[in-house]
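# Structural overview for review
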Amino acid sequence: MTALLTRSDVLQALDVPVVLDALRAGFLQSGEIEPLRIRTDLPGPGTATALLPGVIAGIPAYTVKVNAKFPGATPALRGVVCLHDTTDGTLLALLDSSTITAWRTGLAAALATDALAPAGTVGIIGAGAQAAMTLAGLVALRRVDRLVVHDVVPERASEFLAQQGIPGVVVSSPQEVAAAAEVVVLATWSREPLLTAADVRPGSHLTTLGADEPGKVELSADLLTAARVIVDDRSLAAQMGALGNVGLAVDAAHATLTDVLNGVAAGRRSAEEVTVYAPVGLPWQDLAVAWPVYQASKGDFRTVDFLS
């Protein structure tokens with residue numbers, strides 16, 4: 001029987017520290033299987049993406065994810081994560097991909113931000129669900145005492161700040177965020193640079209989550225060229241991520257997060273260096289959420305028999 005795990009099922013079973021541990025294990029692995037991220041435009045405003053296979057050493061399952069992304073919809077991401085047994089391909093579960101994707105992206109970003117960023121005020125550009133999940137992961141990893149928040153809808157920024165329970169302020173531009181914060185998280189739909197090299201303080205860190213498809217841009221080419229850029233996958237960052245979307249090539253990435261966590265490459269090298277984490281998103285990150293959620297939910301989910 002196949003488990004059906006809705007958004008509420010996933011949220012009820014999700015344990016942030018457990019998922020952070022699974023994500024760390026995934027980043028530490030060598031990545032022997034090439035990640036496939038297949039994307040196509042759809043008629044109208046949407047896109048479709050498939051990510052496969054999601055594999056982490058020691059987990060006896062893999063994931064295949066199929067998403068549709070519609071920026072004007074709520075949620076913007078819709079689809080399923082298929083969790084399969086690695087021994088015989090049995091479909092163990094179907095999980096809501098919007099929830100899985102949002103949490104794995106946010107918590108992976110938190111893990112990277114904690115590894116690369118200095119201590120200090122955290123700035124948020126784009127006060128949506130993705131930023132909230134990144135902040136939830138970061139709070140689990142380090143102390144966060146102050147926030148600076150900006151959103152194109154000021155009321156949304158104010159509501160975001162009120163929900164976090166952390167002292168802070170709402171500001172009117174991305175530049176004000178960068179001027180006031182040592183750590184900046186960008187999670188927007190922008191197709192134009194929100195920050196340039198001139199906007200960023202020496203020694204700061206930026207995590208850019210919005211540039212995960214062709215055409216999406218949050219940081220300018222001159223900022224990325226001047227900073228030390230860490231990615232989750234070099235090829236994807238150049239094909240459809242923060243680098244390629246502003247005309248930069250693979251060599252603009254100085255290291256992967258796997259290199260940094262394994263000690264193969266340095267993350268932050270000095271107090272004055274500007275660092276950037278620019279992920280696209282890898283298939284195994286879906287498994288880092290789906291597997292512990294599936295394990296925690298056993299006995300509490302609905303099932304369906306696809307052979308009946």
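For clarity, every value in this text was computed on a predicted model and none was experimentally measured. (Residues numbered from 1 in each chain as written. Predicted model: local features only at pLDDT ≥ 70, side-chain atom pairs only at ≥ 80, totals over all residues. Heavy atoms only, no water.)

Pairing in this open sheet of eight strands is parallel, and the strands run S9-S8-S7-S10-S12-S16-S14-S15 from one edge to the other. Edge positions in the sheet fall to strand S9 (168–170) and strand S15 (255–256), since each of these pairs with one other strand and no more. In this sheet, strand S10 (residues 183–186) lies alongside strand S7 (residues 122–125) in parallel orientation, the contact comprising four bridges. Bridging from a neighbouring strand, Ile125 pairs with Leu186 of S10. (Pairing = 2+ DSSP bridges. Helix = DSSP H or I, 4+ residues; strand = E, 2+ residues; numbered from the N terminus.)

Evaluation of the coordinates by the stated rule reveals 13 salt bridges. The residue Arg39 makes a salt bridge to Glu213 at a minimum N-O spacing of 3.6 Å. Remark: Glu213 occurs in the loop between strand S12 (205–208) and strand S13 (217–219) and Arg39 occurs in strand S2 (residues 36–41); sequence separation between them is 174 residues. By relative accessible area, which is 27% here, Arg39 ends up partly exposed. The residue Lys69 makes a salt bridge to Asp212 at a minimum N-O spacing of 3.1 Å. (Salt bridge = Lys/Arg side-chain N within 4 Å of Asp/Glu carboxyl O. Buried < 20%, exposed > 50% of the residue type's maximum accessible area, 1.4 Å probe, protein only.)

To continue, consider helix H10 (residues 283–297). Over its 15 residues, H10 extends 22 Å from the first C-alpha to the last, a length consistent with the 21 Å expected when each residue adds 1.5 Å. Burial analysis of H10 places 13 of its 15 residues in the buried class, which makes it a mostly covered element. (Expected span 1.5 Å × (residues − 1).)

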